[in-house]
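Observations on the three-dimensional arrangement
Each chain, letter by letter, is given below.
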Amino acid sequence: MTHPPSLPVPPLAPNPQDDSALRRLTPPARQHVSGAVPYLEVGWSMRGELRPEKHPPQERRIFCNRTLNLRGVKAIGYDMDYTVVHYRVEPWERRTYEQVKVKLADLEWPVRDLEFDPDLVIRGLIIDTQRGNLIKANRFGYVTRASHGTRMLDFEILRQVYGRTLVDLSDSRYVFLNTLFSLSEACLYAQLVDRLDEGRLAAALGYADLYRQVRRCIDEAHMEGEMKAEIAADPERYVERDAETVLALQDQRESGKKLVLITNSDWAYTNRIMTFAFDPFLADGMLWRSLFELVIVSARKPDFFSQRMPLFEVVTEDGLLRPVTTLRHPGVYVGGDAGDVERYLGISGEEILYVGDHIFVDVHITKNVMRWRTALILRELEDELKALDAFREEQSTLARMMEEKVKLEFRYSQARLGLQRLQGGYGPPPEARPGELKEAMTDLRARLVALDEQIMPLAKQSGEILNPRWGPLMRAGNDKSHLARQVERYADIYTSRVSNFLFETPFVYLRAPRGSLPHDDSHVLA
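Because the structure is a prediction, the values reported are computed rather than measured. (Residues numbered from 1 in each chain as written. Predicted model: local features only at pLDDT ≥ 70, side-chain atom pairs only at ≥ 80, totals over all residues. Heavy atoms only, no water.)

Concerning the overall build of the chain
The criterion, for reference: Think of it this way: any DSSP run of H or I at least four residues long counts as a helix, any run of E at least two long counts as a strand, and we number them from the N terminus. Only protein chains enter the accessibility calculation, which uses a 1.4 Å probe. A residue is then buried if its area is under 20% of the maximum for its type, exposed if over 50%, and partly exposed in between. Whether two residues are in contact is decided by their heavy atoms: any pair within 4.5 Å suffices. Surface accessibility in these figures is a Shrake-Rupley result with a 1.4 Å probe; residues are shielded only by whichever protein chains are displayed.
A tally of helices and strands in the chain yields 17 helices and 23 strands. Looking at the chain as a whole, 50% of its 526 residues qualify as buried. Taking the intrachain contacts of the chain between residues at least 6 apart in sequence as the baseline, contacts between residues at least 24 apart amount to 72%. As displayed, the chain has an accessible area near 26,100 Å², and 51% of this comes from carbon and sulfur atoms.

Let's talk about the sheet that holds strand E7 (residues 126-128)
Which entries qualify depends on this criterion: Pairing between two strands is assigned when DSSP locates at least 2 bridges connecting them. Fitting a line to C-alpha atoms yields each axis, with helices limited to the stretch in contact; the angle taken between N-to-C directions then spans 0 to 180 degrees.
A sheet is described by the order of its strands in space; here five strands give the open sequence E10-E9-E8-E7-E11, paired in antiparallel fashion. At either margin of the open sheet sits one strand with a lone partner, and together these are strand E10 (151-152) and strand E11 (174-176). The sheet strands contacting helix H5 (residues 183-197) are E7, strand E8 (133-137), strand E9 (143-148) and E11, and the helix crosses E7 at an angle near 25°.

Side note on the pattern of salt bridges
A side chain with one charge can pair with a side chain of the opposite charge if their charged atoms come near. Spelled out, the test is: When a carboxyl oxygen of Asp or Glu is within 4 Å of a side-chain nitrogen of Lys or Arg, the pair counts as a salt bridge.
Counted under the stated rule, the structure contains 44 salt bridges. Arginine 139 is paired through a salt bridge with aspartate 479; the nearest N and O atoms lie 2.6 Å apart. Remark: aspartate 479 occurs in strand E21 (residues 479-480) and arginine 139 occurs in the loop between E8 and E9; sequence separation between them is 340 residues. Owing to a relative accessible area of 15%, aspartate 479 belongs among the buried residues under this scheme.

Some remarks on the packing of helix H3 (residues 89-106) against helix H7 (residues 226-233)
When two helices pack together, their arrangement is given by the angle between the helix axes and by the axis-to-axis distance. Convention followed: Here roughly perpendicular refers to angles of 65 to 115 degrees, roughly parallel to angles under 35, roughly antiparallel to angles over 145, and oblique to all remaining angles. Handedness of a helix crossing follows the sense of rotation of the near helix relative to the far helix, less than a right angle counterclockwise being left-handed and clockwise being right-handed. Note on residue classes: Ala, Val, Leu, Ile, Met, Phe, Trp, Tyr, Cys and Pro are nonpolar, Asp, Glu, Lys and Arg are charged, and everything else, Gly too, is polar.
For the pair H3 and H7, interaxial distance at closest approach is 10 Å and the crossing angle is 140°. Classified by the interaxial angle, the pair formed by H3 and H7 is oblique. The element H3 and its partner H7 pack so that their crossing is right-handed. On H7, the residues touching Trp92, Arg95, Thr96, Gln99 and Lys103 of H3 are Glu226, Met227, Glu230 and Ile231. A breakdown of the residues in the contact of H3 with H7 according to their chemical character gives three nonpolar, two polar and four charged.

A closer look at the sheet that holds strand E3 (residues 63-64)
Spatially, ten strands are ordered E3-E22-E19-E18-E5-E13-E14-E17-E15-E16 in an open sheet, and the strand pairing comes out mixed. The open sheet has two free edges, formed respectively by E3 and strand E16 (321-324), since each of these has just one partner strand. Where strand E15 (residues 311-314) and E16 come together, four bridges link them in antiparallel fashion. Within E16, the residue paired with valine 314 across the bridge is leucine 321.

Remarks on helix H13 (residues 381-390)
Just so we agree on the cut-off: In this description, one arc is meant: the one made by directions from the helix axis to the C-beta atoms.
For H13, the set of buried residues is Leu381, Glu382, Glu384 and Leu385. Buried residues of H13, viewed axially, fall in a sector of 165°; they line one side. Residues of H13 that are buried in the fold lie against E3 and strand E22 (493-495).

Pasting the structure below:
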């Protein structure tokens, strides 16, 4: 297998008298990858130190839940779909939606006038198949927002339905939207709940039956390969190329790390999509496969990480298979299991980092069963962080007003308690008389009402960041969302795209921030 030439290494201490040493170095991106890499141009400082000329924006950072020394990682495994290859979400999900609609129309369901709505759902929501609801829960499982079908539930109905319910994803009634591939499924389900309530579907059909039917049609569409055949025929329409991803993988490979591609997609589709996404940015004569020690297709994740399965080697470009018992050399394979990968590489556990976009299939199982280090790709995080940055000034104002509200409420409660003790004739008497306490309470109540009128519009805006119906991806009110809890628990690191590894290099020591506790904010009343 061919390997790209090593990148030239600049001298460690350039001569400060040599003007060429002070000039900007040729960015590696322009040696092996066509297309500019805007945040990676480097230069020498006047003291002869290599320094980045630009730092990545907040939305391109890698965020750390559990400290990870990338120097200690000897191999990195990658998923393909929505990981090293990113799809244009709306065209993909709209087309999947249309294919499932056709199947339901063949069953004489009234769906022909339905349209895909990309804003109706977001990743991290939970389908309650028992009630026909979409719900957003916080990290403890309390439901903070919900819709029945496409209709959002108001607070009183939400409290009546879920006030005594804690969402437990181990309960089969709940379906967690793990990935961007879930958006078309959830959108269609919500719209069909409306049709069911209107009496336009079979009366014997329940909400759970409805979900199973939608899920079955989606599985059929994937098994029949209709969607992937369309993408392979027209990748320009569906695949978003990223030259920086290619360079990030080259950096990791040249640093001595073994790269492994592990995907559930078949060989023909994988080769077509990876060729389109990667080869235009590689040096002449170099193919995408040159980046990977192993390519494993039709991996059948999550079983790949927990079960022993047969292994085949792909021996021809058109996909001819040969059964083998072990991974014997670099190449392309079908099936097998994670144990095969560990035996071939001669490493295990925390020496391997696996990167994927599916919380359960790529991150949860990998960590629980194999004890590999894990990285989650959350592409929506970019838009969320940009929106949060744009809202930063208003968020600061909102935080200041909330601190003021806490102080006013404290004073009001103290006055009320003092009045209660005076009227009840117990406890140490306050210095103020009853009339003075009542006057103070009236004034404080008026100030709180006025403050709430200022807080409410800002709080509403804060709760609608990214999506007017569901709000931010990683928050549920002031708390972490259930999605954020899953990310925190199972992903050692998370980021918006694979190419963000460029900014941290293959040698980075990623440190988790100090965890916050409620008493960290006890200064508010100080």
